[in-house]
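Structural overview for review
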Amino acid sequence: MVLAASYLGFLAATSLGHGWSAPAVATVSVVCTIGEIIYAGSATALVTALAPAHLLGRALARFQLSTGFGLAVSPAVITALASRGSAALWGSLAAATLLSASAVATEKDQGTHDLTDIESRRDSQAPAAFESGRRNSGHVALMRAAGATQRAHPRGR
């Protein structure tokens, strides 16, 4: 929301007279920087919070891929939009940002419900999982001991 507001601020700043344009752009730049700081500090954490544990690596990879793709194509897109005027550039950026924020908010709401379902299933399965884990921990301890024995007495010496 802060980024979208700053894009609309840049649009308004471009329509001001020469005496007011530079101070307005400087002020809006501060707002835009705050928006970028908020985004940069929370985007990866949001992806991590929303992704199911078994898909976390894939979700983070897709996020980084989409970020890289956006950085790669943005000069061409911004140049094309700027050639159509300030309203096309800043209006499109604000609209795309609001659309993206809306999609993230929708996904976040769904993710919250999904996490509640996962937690309730996990809690109902906890006794069986604990018993299975207890049986497996003995197996793991035996495997570790065997590995330590093999390292202490390597074959062929």
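Treat the numbers as computed from the prediction; the structure is a model and nothing was measured.

Now for the layout of surface pockets. By volume, the largest pocket is sized at about 1600 Å³. Around the largest pocket sit 36 residues that line it, and Tyr 39, Phe 63, Ser 100, Ala 101 and Val 104 are the ones nearest its centre. If one sorts the elements of the lining of the largest pocket by residue count, helix α3 (residues 56-82) sits on top with eleven residues. Looking at the lining of the largest pocket residue by residue, the classes come out as 25 nonpolar, eight polar and three charged.

So, on to the environment of Val 47. Here Val 47 shows up in helix α2 (residues 18-50). Of the residues examined, Val 47 reaches a relative accessible area of 18% and is grouped as buried. Taking the C-alpha atoms as reference points, Val 47 and Arg 62, separated by 15 residues in sequence, lie 9.8 Å from one another. Sequence-distant contacts of Val 47, that is, excluding residues within four places in its chain, are made with Ala 59, Leu 60 and Phe 63.

Turning our eyes to something else, we now look at α3. One turn of the α-helix equals 3.6 residues, which is why residues spaced by three or four share an orientation. Compared with an ideal rise of 1.5 Å per residue, which puts 27 residues at 39 Å, α3 spans 37 Å between its outermost C-alpha atoms and is within 8% of the ideal. In the structure, α3 departs most strongly from a straight axis at Ser 74, where the bend amounts to approximately 45° and where the proline Pro 75 lies between one and four residues downstream.

If you look at the biggest cluster of nonpolar residues, it comprises nine residues: Leu 3, Tyr 7, Phe 10, Val 28, Cys 32, Leu 81, Leu 89, Trp 90 and Ala 94. When contributions to this core are tallied by element, the ones reaching two or more residues are α1 (2-14), α2 and α4 (86-152). Ignoring anything within four residues of it in the chain, the contact list for Cys 32 reads Leu 3, Ser 6, Tyr 7 and Phe 10.

What follows covers the confidence of the model for the protein. On average, residues of the protein score 77 in pLDDT, and 69% of them are at 70 or above. Per-element confidence in the protein is highest for α3, whose mean pLDDT is 93, and lowest for α4, whose mean pLDDT is 62. Segment residues 125-157 is flagged for pLDDT under 50; beyond a separation of four residues in sequence, or across chains, it makes zero contacts in the model.

Attention shifts here to the packing of α2 against α3. Between α2 and α3, the least distance of the axes is 9 Å, while the angle of their chain directions is 145°. Contact with α2, carried on its side by Tyr 39, Ala 43, Thr 44, Val 47 and Thr 48, involves Leu 56, Ala 59, Leu 60, Phe 63, Gln 64 and Thr 67 of α3 and no other residues of that element.

On to the packing of α1 against α2. Packing of α1 against α2 brings their axes to within 8 Å, and their N-to-C directions diverge by 165°. Here α1 is positioned roughly antiparallel relative to α2, judged by the angle of their axes. The way α1 lies across α2 gives a crossing that is left-handed. Of the residues in α2, those in contact with Val 2, Leu 3, Ser 6, Tyr 7, Gly 9, Phe 10, Ala 13 and Thr 14 of α1 are Ser 21, Ala 24, Val 25, Val 28, Ser 29, Val 31, Cys 32, Gly 35, Glu 36, Ile 38 and Tyr 39. Its residues assigned to classes, the contact of α1 with α2 comprises twelve nonpolar, six polar and one charged.

So, on to the side chain of Ser 6. Relative to the elements of secondary structure, Ser 6 occurs in helix α1. According to the relative accessible area criterion, Ser 6 is buried, its value standing at 1%. Excluding residues that lie within four positions of it along the chain, Ser 6 makes contacts with Val 28, Val 31 and Cys 32.

Attention now goes to the side chain of Ser 21. Residue position: Ser 21 is located in helix α2. With a relative accessible area of 17%, Ser 21 lands in the buried category. Beyond its immediate stretch of four places on either side in the chain, Ser 21 contacts Ala 13, Thr 14 and Leu 16.

Rules behind the numbers
Residues numbered from 1 in each chain as written. Predicted model: local features only at pLDDT ≥ 70, side-chain atom pairs only at ≥ 80, totals over all residues. Heavy atoms only, no water. 1 Å grid on protein atoms, 1.4 Å probe; cavity = no way out; pocket = protein on both sides within 12 Å on 5 of 7 lines; lining within 4 Å. Points joined across faces, edges and corners; volume = space filled by probe spheres on them. Helix = DSSP H or I, 4+ residues; strand = E, 2+ residues; numbered from the N terminus. Nonpolar A, V, L, I, M, F, W, Y, C, P; charged D, E, K, R; others polar. Buried < 20%, exposed > 50% of the residue type's maximum accessible area, 1.4 Å probe, protein only. Contact = heavy atoms within 4.5 Å. Expected span 1.5 Å × (residues − 1). Bend = angle between axes of the 7 residues up to and from the residue. Core = buried A, V, L, I, M, F, W, Y, C linked by side-chain atoms within 4.5 Å. pLDDT = per-residue confidence, 0-100. Axes fitted to C-alpha atoms, helices over the stretch in contact; angles between N-to-C directions. Parallel < 35°, antiparallel > 145°, perpendicular 65-115°, else oblique. Left-handed = near helix turned anticlockwise from the far one by under 90°.

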